[in-house]
Amino acid sequence: MELSSGFYGRSNPHMLSTSGGKAMGKLIEATHEPAGVEINMKPVLDIVEDIFERATPAAPGAIMQVDASESDERALHYSSLEQMMDVLSATINRISCEITYRLSIGEDAHSTTLAVAQIVKGYSWDAKIVLALAAFAMTYGEFLLVVQLYATNPLAKDVALLKQLPEILTRADLLKPKFDILANLINAMVVVAKCTVEFKGLPSKYIRPEDPELSSANADIPSAVYWTIRSTVICSSQIMGLINMGHEFLSSTTDAWELSSLTHNINSIYNDLVEKLNRCRQRINERKDIEAFETLVRLFDAIHIDNMKILKALIYAKDDQPPLWDGTTKQRVSIELLRRRSVLLLISDLEISEKELIILEQIYNESRVQPTRIESQYEVIWIPIVDRSTTFDDTKRKQFESLQAMMPWYSVGHPSMIQPAVMRYIKEVWGFNKKPLLVVLDPQGRVANPNAMPMMFIWGSMAFPFSKLREEALWKEETWKIELLADSIDPSIINWLTDRKFICLYGGEDMNWIRKFTTTAKAVAKTANIELEMLYVGKSNPRERVRRNMTNIELENLSHTLSDISLIWFFWVRLESMWHSRAQHGVTVRNDLIMQEILTMLGFDGSDQGWAVISRGADEMARAKAETFLKSLEEYTAWEAAAAEKGFIPALNDHFRSLRTEHHCNRLTLPGISVAEIGSIKDTVVCVDCGKPMGALLMFRCCTD
């Protein structure tokens with residue numbers, strides 16, 4: 001028998017072009033007459049793929065080892081296919097016989113392909129491809145089974161003799177290159193088949209045939225069917241050539257170019273299909289995310305008996321392991337531990353500052369000292385928000401694990417547990433945008449506070465249950481005094497207050513002014529016969545200059561300093577938290593003394609000068625910028641008599657007012673304010689010196705030492 005090597009490729013080069021491929025697809029479409037019977041072809045494709053993998057040519061007589069567990073798994077898999085194969089086996093055999101017959105009479109591959117298309121015309125598009133592959137898998141598997149068993153199995157040896165195979169089986173050096181080329185084409189066909197099966201399995205709930213992503217793919221699938229069936233015909237002709245022509249066919253190189261070209265064509269079809277499949281998946285995921293987001297919105301609007309539904313909706317929990325990491329025991333734990341507990345969700349990206357974590361950890365650990373107190377009846381979960389459009393690489397993994405290791409509370413086991421719909425809800429509903437949030441869920445999963453971070457920084461665990469009502473109640477108990485301004489940053493302050501000492505907090509970065517101010521203040525205190533304690537609180541966002549100042553102040557014994565530079569940061573972020581908290585309750589500078597004093601302090605920090613505040617008890621406090629304060633102390637003799645009559649702080653305040661000039665310039669940096677919010681607050685911010693509204697100016701700044 002004469003087999004033509006050029007009939008499937010080289011004789012019709014235009015057929016491999018895009019236009020030629022589309023035309024072949026139209027021919028297949030013309031034969032398509034679906035019978036309406038839907039069959040899941042994936043199990044059949046799995047068996048076909050398994051045949052191709054196991055039939056990989058090896059040295060004749062080599063025995064493939066299969067362990068017992070794999071054998072049992074395959075047996076179970078095969079048994080589940082028996083009923084399906086009762087329906088499909090006749091069609092598969094018919095395809096195999098049709099290809100063998102037509103090739104044996106010398107019919108060309110195109111005509112044979114269309115003949116196979118007629119056999120499978122009633123099947124779905126994915127079934128057409130899988131059935132054709134299954135027919136070839138039988139031919140391929142039977143041939144390679146003889147090859148593998150030839151040297152060790154008498155039956156295989158007899159069959160090989162009848163097929164005139166011994167000659168080629170002794171030439172393993174020539175057998176392998178031929179089958180390497182075939183393997184490339186087979187692999188290309190299998191991935192295209194997988195692609196079409198996956199298209200068939202796309203959920204109609206989330207993607208429809210009229211969607212552009214799917215309609216474009218559906219237009220290309222007939223061409224994929226044609227070229228895959230045609231490739232099975234070509235591969236079958238290769239096996240027949242080996243059987244019928246033996247060594248003469250094996251040593252021929254005339255088919256290599258055609259097989260490679262066909263492989264390239266099939267791979268191009270696959271690349272196009274998989275791109276469209278990915279777009280379909282993206283559309284499906286978008287619609288699933290929208291559905292999940294809407295479900296989440298409804299879930300938070302509903303009433304629940306506990307917080308489990310809410311927590312499980314926020315933290316995607318797989319069944320294979322508990323979703324939470326316990327920062328204390330360092331092991332995975334069940335979310336059930338949080339049932340009917342108040343839960344604080346610490347929401348941040350991977351750039352959360354170490355200073356924030358240190359302060360939160362200190363507050364959290366203090367609450368655990370007496371776990372039965374009502375203020376301790378809450379838990380914290382870290383919810384990391386990681387952009388899914390970028391790869392979670394080894395650097396990000398280490399960053400996540402490093403942050404997780406710092407936290408004594410719970411955290412999700414992995415950032416991937418936070419689904420896109422949840423991230424959207426956190427950003428759109430709770431307003432997360434880089435700056436960490438502390439969202440409070442009550443024992444029923446209701447949002448008690450969309451951000452309790454200011455409350456936590458101001459009052460610590462005493463703010464439990466961290467609700468807006470609790471926040472209002474706490475503010476009603478507060479007045480502007482040194483306890484509110486500096487509470488919790490240094491334990492010595494409590495002792496100083498108890499001993500009725502004068503307490504002076506001061507800041508800035510100018511070391512020369514610091515030396516003059518502290519020396520002068522001590523001299524005045526001695527003259528006035530008052531007990532004065534001084535504490536340096538630096539500047540917000542403290543950097544190297546503040547650190548150097550702390551070292552110099554300690555070495556020169558100028559005043560007290562805080563035990564850690566992070567406490568300086570905490571002093572200022574606590575003031576910012578007070579501003580946020582008061583502003584959220586509609587309080588303005590015009591109608592609230594506490595807000596006025598908060599903004600005065602923030603204004604001090606915004607200037608290039610130093611500043612100081614001096615207080616004794618709850619009702620006496622004086623504050624001024626560096627120049628005014630130092631000048632007033634240097635002029636103490638001018639108001640010494642008034643200090644003896646009125647008291648030191650009232651007399652000092654009077655002297656500050658006498659030094660105030662009409663011309664002044666105050667700057668104020670409001671923390672965490674976006675461009676969009678400037679218009680809504682500019683009428684409520686007034687100058688602390690003259691009471692006039694302050695103008696708003698947008699500023700971008702990069703501060704480095």
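The rules behind each value
- Residues numbered from 1 in each chain as written.
- Predicted model: local features only at pLDDT ≥ 70, side-chain atom pairs only at ≥ 80, totals over all residues.
- Heavy atoms only, no water.
- Helix = DSSP H or I, 4+ residues; strand = E, 2+ residues; numbered from the N terminus.
- Buried < 20%, exposed > 50% of the residue type's maximum accessible area, 1.4 Å probe, protein only.
- Contact = heavy atoms within 4.5 Å.
- Phe/Tyr/Trp six-rings, centres within 6.5 Å; stacked < 30°, edge-to-face > 60°.
- Lys NZ or Arg CZ within 6 Å of the ring centre and 35° of its normal.
- Pairing = 2+ DSSP bridges.
- Axes fitted to C-alpha atoms, helices over the stretch in contact; angles between N-to-C directions.
- Core = buried A, V, L, I, M, F, W, Y, C linked by side-chain atoms within 4.5 Å.
- Domains from an automatic or database assignment.
- Salt bridge = Lys/Arg side-chain N within 4 Å of Asp/Glu carboxyl O.
- Arc of directions from axis to C-beta.
- Expected span 1.5 Å × (residues − 1).
- Lys, Arg positive; Asp, Glu negative; His and termini not counted.
- Polar contact = N/O pair within 3.5 Å; in protein donor to acceptor, adjacent residues only side chain to side chain.
- Left-handed = near helix turned anticlockwise from the far one by under 90°.
- Nonpolar A, V, L, I, M, F, W, Y, C, P; charged D, E, K, R; others polar.
- Right-handed = clockwise from strand over helix to strand, strands pointing away.
- pLDDT = per-residue confidence, 0-100.

**Details of the overall build of the protein chain**
Looking only at helices and strands, the protein chain features 27 helices and twelve strands. Sorting the 705 residues of the protein chain into buried and exposed places 49% on the buried side. At a minimum sequence separation of 6, the contacts of the protein chain that also span at least 24 residues come to 73%.

**Brief notes about the packing of aromatic side chains**
One pass over the full model with this rule turns up 30 aromatic pairs. Taken together, a centroid distance of 5.1 Å and an interplanar angle of 90 degrees make the contact between tyrosine 226 and tryptophan 227 edge-to-face. Assigned by exposure class, tyrosine 226 and tryptophan 227 land together as buried. One aromatic cluster is present, built from ring pairs that chain together Tyr506, Trp513, Phe517, Tyr536, Phe629 and Phe656. A cation over an aromatic ring shows up here: lysine 128 above the ring of tryptophan 125, its NZ or CZ 5.3 Å from the ring centre. Directly above the aromatic system of tyrosine 378 lies the positively charged group of arginine 368, at a separation of 5.0 Å from the ring centroid.

**Concerning the sheet that holds strand β11 (residues 611-616)**
With mixed pairing, five strands are arranged side by side in an open sheet as β10-β9-β8-β11-β12. At either end of the open sheet lies a strand with only one pairing partner, and these are β10 (560-561) and β12 (620-625). Pairing analysis gives two bridges linking strand β9 (residues 532-536) to β10, with the strands arranged parallel. Counted as the bridge partner of tyrosine 536 is threonine 561 from β10. Packed on one face of the sheet, helix α23 (residues 593-606) meets β11 and β12 and runs near 35 degrees to β12. Running at roughly 115 degrees to β12, helix α24 (residues 626-634) makes contact with β11 and β12 of the sheet.

**Things to note about the nonpolar core**
Core analysis: the largest hydrophobic core is formed by 101 residues, its most contacted members being Leu346, Trp480, Phe571, Leu575 and Phe648. It is helix α22 (residues 565-584) that contributes the most residues to this core, eleven residues altogether. Formed jointly, this core draws a minimum of three residues from each of two domains, domain 2 (307-466) and domain 3 (478-660). Discounting chain neighbours no more than four positions away, the residues touching phenylalanine 648 are Phe502, Val524, Ala528, Ile530, Ile614, Tyr636, Trp639 and Ala643. Listed in part, the 79 residues of the second largest apolar core include Val44, Ile95, Ala137 and Ala188.

**Points about the pattern of salt bridges**
Counting across every chain of the model gives 40 salt bridges. The salt bridge involving aspartate 306 is made with arginine 339; its shortest N-O contact spans 2.4 Å. Of this pair, aspartate 306 sits in the loop between α11 (256-301) and α12 (308-314) while arginine 339 is found in the loop between β2 (331-333) and β3 (342-348), placing the two residues 33 residues apart along the sequence. Looking at aspartate 306, the relative accessible area reads 7%, which means it is buried. The shortest N-O distance in the salt bridge between arginine 368 and glutamate 379 comes to 3.6 Å. On the criterion of sequence distance, the pair formed by arginine 368 in helix α13 (residues 354-368) and glutamate 379 in strand β4 (residues 378-384) is long-range, its members being eleven residues apart. By relative accessible area, glutamate 379 is classed as buried at 12%. Shared partners join several salt bridges into a network, and the residues in it are Arg208, Glu210, Asp211, Glu213, Arg283 and Arg287.

**Some thoughts on helix α17 (residues 468-476)**
Among the residues of α17, those classed as buried are Glu471, Leu474 and Trp475. One side of α17 carries all its buried residues, which in axial view fall inside an arc of 100 degrees. Exposed residues lying more than 90 degrees from the buried face of α17 are Leu469 and Lys476. Looking at the buried positions of α17, the neighbouring elements they touch are β7 (447-449), α16 (453-459), α18 (482-486), α22 and α23.

**What about helix α21 (residues 544-555)?**
Taking 1.5 Å per residue, twelve residues should reach 16 Å; α21 reaches 17 Å between its end C-alpha atoms and fits that length. Among the residues making up α21, those that are buried are Val546, Asn549, Met550 and Ile553. End-on, the buried residues of α21 take up no more than an arc of 100 degrees, which puts them together on one face. Along its buried surface, α21 packs onto β8 (502-507), α20 (511-528), β9, β10 and α22. Asparagine 557 occupies a position one or two residues after α21 and carries a positive phi of about 55 degrees.

**Some thoughts on the environment of serine 261**
In this fold, serine 261 is placed in helix α11. Sequence separation between serine 261 and leucine 185 is 76 residues, and the spatial gap between their C-alpha atoms is 9.5 Å.

**Considerations on the side chain of lysine 128**
Within the secondary structure, lysine 128 is located in helix α5 (residues 125-149). In this structure, lysine 128 is buried with no salt-bridge partner, the nearest side chain bearing the opposite charge being glutamate 33 at 9.0 Å. Reaching out from lysine 128, the side chain makes a polar contact with the side chain of histidine 32 at a distance of 3.1 Å. With near-sequence residues (within four places) excluded, lysine 128 lies in contact with His32, Val120, Lys121, Gly122, Tyr123 and Val225.

**Focus on the packing of α20 against α24**
Two numbers describe a pair of packed helices, the interaxial angle and the distance between the axes. Contact geometry for α20 and α24: axes closest at 9 Å, N-to-C directions at 35 degrees. Here α20 runs over α24; the crossing is left-handed. Taken together, the residues of α24 that come into contact with α20 (itself represented by Trp513, Lys516, Phe517, Thr520, Ala521 and Val524) are Ala626, Glu627, Phe629, Leu630, Leu633 and Glu634. Considering only residue class, the contact of α20 with α24 consists of eight nonpolar, one polar and three charged.

**Regarding the sheet that holds strand β6 (residues 437-441)**
Ordered by their spatial adjacency, seven strands build an open sheet running β2-β1-β5-β4-β3-β6-β7, and the pairing between neighbours is mixed. Each edge of the sheet is formed by a strand with only one pairing partner; in this case those strands are β2 and β7. Strand-to-strand twist in this sheet, taken as the mean axis angle between neighbours without regard to direction, amounts to 35 degrees.

**Observations concerning the pairing of β8**
Among the six residues of β8, six are classified as buried, and the element is accordingly described as predominantly covered. The alternating pattern of β8 places Phe502, Cys504 and Tyr506 on one face and Ile503, Leu505 and Gly507 on the opposite face, and all of these are buried. The pairing of β8 with β9 spans five bridges and is parallel. Across the sheet, the residue bridging to isoleucine 503 is glutamate 533, located in β9. Of the crossover connections in this fold, the one passing from β8 over α20 to the parallel β9 is right-handed. Bridging between β8 and β11 involves five bridges; their strand directions are antiparallel. From the neighbouring strand, tyrosine 506 faces β11, where its bridge partner is alanine 612.

**Let's talk about the confidence of the model for the protein chain**
Parts of the model with low pLDDT should not have their predicted coordinates read in detail. Per-chain confidence: the protein chain averages 84 in pLDDT, with 83% of residues scoring 70 or above. Counted against residues more than four places away or in other chains, residues 59-66, with its pLDDT under 50, gives 15 contacts.

**Examining unusual backbone geometry**
Put simply, phenylalanine 464 and proline 465 share a cis peptide bond, and its omega is 10 degrees. Mapping proline 465 onto the fold places it in the loop between α16 and α17. One non-glycine residue, asparagine 541, lies in positive phi territory at about 50 degrees. Looking at the secondary structure, you find asparagine 541 in the loop between β9 and α21. The class of asparagine 541 is partly exposed, set by a relative accessible area of 40%.

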